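Chain and residue survey
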Amino acid sequence: RSPSKQHGDVTLATKVLIGFALGVGSGMFFGEMVAPVGVLGDAFIRLLQMTVLPYVVVSLIHGVGRLSYQEARRLAGRAGLLLLVIWAVALTFVLMMPLAYPAWESASQFSTSLVEPTPEMDLVELFIPANPFHSLAFGMVPAVVVFSLALGAALMGITNKQPILDGLAVVASTLSRVAQFVVRLAPIGVFAITARAAGTIDFGQLEALEVYLATYLVFWFAMAWFLPALTSALTPLSYRESMGPARDAFVTAFATGSVFVVLPLLAEHGKNLVRRCAPDSNDAPEAVDVLIPLAFTFPGPGTLMILGFVQFAAWNAGGALALEQVPGFLSAGIMTLFGSTMVAVPFMLDLLHIPADLFQLYVVSDVFTGRFGMLLAAIFVLLWSTLGACAMAGALRVHWRELGRLGVVTVALVGLGVLGVNTFFTRVV
């Protein structure tokens, strides 16, 4: 039985949607009178952020440290290459999202950060933690990730490391339980956030948010098509064979808004797919047990597409990212998204000097996009783990016809979607 439907209880997803609807209704009816309720929303966001950095440190050290040097080399050489390909496609989609935005003068709003010169990003300070405790205290997520990866790599060479790994697993499980408890408060937090947002936001911002949601769906569908199609192009598995058996896990991830709760289901589905892809390899299915937690730890396309909101926020503030900002934007975005989006988005807005008050738009939009992002994350965890295990077994074969079809259909989906959104909001709205 799905954990989202037990004993006829109202699911958490339903409660969140009810809280969202009540918040919008209260904000629209009472206006700015409900603004003080936003304190509860701020408290909820801080509670969500509370366990993020400790969990990032523990999970990365545990995930990398459990590997042997041979497994790490094979992972970096084969599964790592597949990850880079998927990242490249997802980040290309992020950079293309502003093409769908209309030329609205009403989207511009004043902020003192818009008249200040944008300083150059110090990538050395951002990624190299001279003092890891300083990085943890000030939420420097990229530096924390580098520090955690270094500890994990060092742990791989320790002989009697199992007690350390067991201890890290217990700590990670404890932090996860704290986070799951906080998530139960989501209906109250979402109500407070949306009530303040609906009571204080202007209609121009609501119209702009519609642009972001429409654009997000276009690129979400393109990526949701790309991942299974890439699997079909590199393995004997068809689209239906790779996606069909995992429907229960996908629906549960969408309903609960969490990939974590379906990782065991995804691992079993992944092993079954690997057995069909590499029937002669006895070790390949076991590789899924290593790749699944790593896939959960690394930001997938569902997470990377959140960077599209930063692009949207820059457009909504009346500006756009300069060309020289793009490398720092992408590299910092990837590293920051190892943690929670509730930490990453305000960090990126501050890094690029985009008005911080636009973060409330992200919180509102995340009620909608977050579910689709979790579904895409579940697809990524399953298929990247499957492809990585098959690659480590040497069982990948390129089907050029399928690969050509993949490219044509993906370009068509993106092109038609971008043109459609831009035309609709330019000429109709």
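The structure contained in this document is the topic of the report that follows.

What counts and what doesn't
Residues numbered from 1 in each chain as written. Predicted model: local features only at pLDDT ≥ 70, side-chain atom pairs only at ≥ 80, totals over all residues. Heavy atoms only, no water. Helix = DSSP H or I, 4+ residues; strand = E, 2+ residues; numbered from the N terminus. Buried < 20%, exposed > 50% of the residue type's maximum accessible area, 1.4 Å probe, protein only. Contact = heavy atoms within 4.5 Å. Areas by Shrake-Rupley, 256 points an atom, 1.4 Å probe, with all protein chains shown as cover. Patch = residues over 30% accessible without salt bridge, like charges linked within 9 Å, V, L, I, M, F, W, Y side chains within 5 Å. Salt bridge = Lys/Arg side-chain N within 4 Å of Asp/Glu carboxyl O. Core = buried A, V, L, I, M, F, W, Y, C linked by side-chain atoms within 4.5 Å. Polar contact = N/O pair within 3.5 Å; in protein donor to acceptor, adjacent residues only side chain to side chain. Expected span 1.5 Å × (residues − 1). Arc of directions from axis to C-beta. Axes fitted to C-alpha atoms, helices over the stretch in contact; angles between N-to-C directions. Left-handed = near helix turned anticlockwise from the far one by under 90°. Nonpolar A, V, L, I, M, F, W, Y, C, P; charged D, E, K, R; others polar. Phe/Tyr/Trp six-rings, centres within 6.5 Å; stacked < 30°, edge-to-face > 60°.

Our next topic: the overall build of the chain. A count of helices and strands for the chain gives 21 helices and 0 strands. Counting all 429 residues of the chain, 52% fall into the buried class. Long-range contacts, defined as pairs at least 24 residues apart, comprise 85% of the intrachain contacts of the chain with a sequence gap of at least 6. Looking at the chain as shown, the accessible area adds up to about 20200 Å², and 65% of this sits on carbon and sulfur atoms.

Bringing a nonpolar patch on the surface into the picture now. A cluster of nonpolar side chains, contributed by Leu40, Leu47, Met50, Val178, Phe181, Leu185 and Ile188, occupies part of the molecular surface with about 610 Å² of accessible area. Broken down by secondary-structure element, the contributors of at least two residues to the nonpolar patch are α2 (38-50) and α9 (162-183). The dominant element in the nonpolar patch, judged by the number of residues it contributes, is α2, at 3 residues. Examined against the element boundaries, Phe181 turns out to sit in helix α9.

Once that is clear, we can look at the nonpolar core. In this structure, Met223, Leu227, Phe250, Leu266, Phe329 and Trp384 are the most contacted members of the largest nonpolar core, which totals 133 residues. Per-element accounting of this core gives the leading share, 22 residues, to helix α20 (residues 359-392). Counting residues in hydrophobic clusters, the runner-up holds 6 residues, among them Leu67, Ala72, Met156 and Val290.

This brings us to the side chain of Ser232. Secondary-structure assignment places Ser232 in helix α11 (residues 203-234). A polar side-chain atom of Ser232 sits 3.3 Å from the main-chain amide nitrogen of Tyr239. Here Ser232 is in contact with Leu237, Ser238, Tyr239, His399 and Glu402, once residues within four sequence places are set aside.

With that settled, consider α9. Taking 1.5 Å per residue as the helical rise, α9 with its 22 residues ought to reach 32 Å, and the 31 Å between its terminal C-alpha atoms agrees with that figure. Inspection of α9 places Leu165, Leu168, Ala172, Leu175, Ser176 and Val182 among the buried residues, and these make up the whole buried set. Within α9, the buried residues cover an arc of 110° as seen down the axis, which keeps them to one side. Away from its buried face by more than 90 degrees, α9 exposes Pro163, Val170, Arg177 and Phe181.

Taken as a whole and judged by the stated rule, the model has 2 salt bridges. Among the ionic pairs, Arg276 bridges to Glu241, the shortest N-O distance being 3.0 Å. Separated by 35 residues along the polypeptide, Arg276 in helix α14 (residues 263-277) and Glu241 in helix α12 (residues 239-243) bring together distant segments of the chain. A relative accessible area of 48% means that Arg276 is categorised as partly exposed. The closest approach of N and O atoms between Arg405 and Glu402, which form a salt bridge, is 3.7 Å. One end of the pair, Arg405, and the other, Glu402, are both in helix α21 (residues 400-428), 3 residues apart, so they sit about a helical turn from each other.

The N-to-C vectors of α14 and α20 enclose an angle of 35°; their axes lie 9 Å apart at closest approach. α20 is crossed by α14, and the crossing has right-handed handedness. Contacts from Leu263, Leu266, His269, Gly270, Leu273, Val274 and Cys277 of α14 reach α20 at Ala378, Val381, Leu382, Thr386, Ala389 and Cys390. For the contact of α14 with α20, the class distribution of residues is 10 nonpolar, 3 polar and no charged.

Another point: the packing of helix α8 (residues 141-156) against helix α18 (residues 326-336). Two elements in contact, α8 and α18, have axes separated by 8 Å at closest approach and are oriented at 60°. The two elements α8 and α18 meet at a crossing, and its hand is left-handed. Two secondary-structure elements touch here, α8 through Val141, Pro142, Val145 and Val146 and α18 through Ala332, Met335 and Thr336. Among the residues making up the contact of α8 with α18, the classes are represented as 6 nonpolar, 1 polar and no charged.

The residue Thr252 is located in helix α13 (residues 247-256) in this model. The class of Thr252 is buried, set by a relative accessible area of 4%. The sequence separation of Thr252 and Met374 amounts to 122 residues, and the corresponding C-alpha distance is 9.7 Å.

Summarising the element assignment, Leu60 is placed in helix α3 (residues 52-65). Look at Leu60 and you get buried, because its relative accessible area is 2%. Separated by 90 residues in the primary sequence, Leu60 and Ala150 have C-alpha atoms spaced 9.5 Å apart. Setting aside its immediate chain neighbours within four residues, Leu60 contacts Gly65, Val145, Ser148, Leu149, Thr297 and Phe338.

Moving on to the packing of aromatic side chains. The final tally for this structure, using the stated rule, is 15 aromatic pairs. Each ring, one from Phe93 and one from Phe219, has its centre 5.5 Å from the other, and the planes form 55°; the classification is tilted. Of the two residues, Phe93 sits in helix α4 (residues 69-96) while Phe219 sits in helix α11, which places them 126 residues apart along the sequence. Residue class for Phe219 comes out buried when judged on its relative accessible area of 0%.

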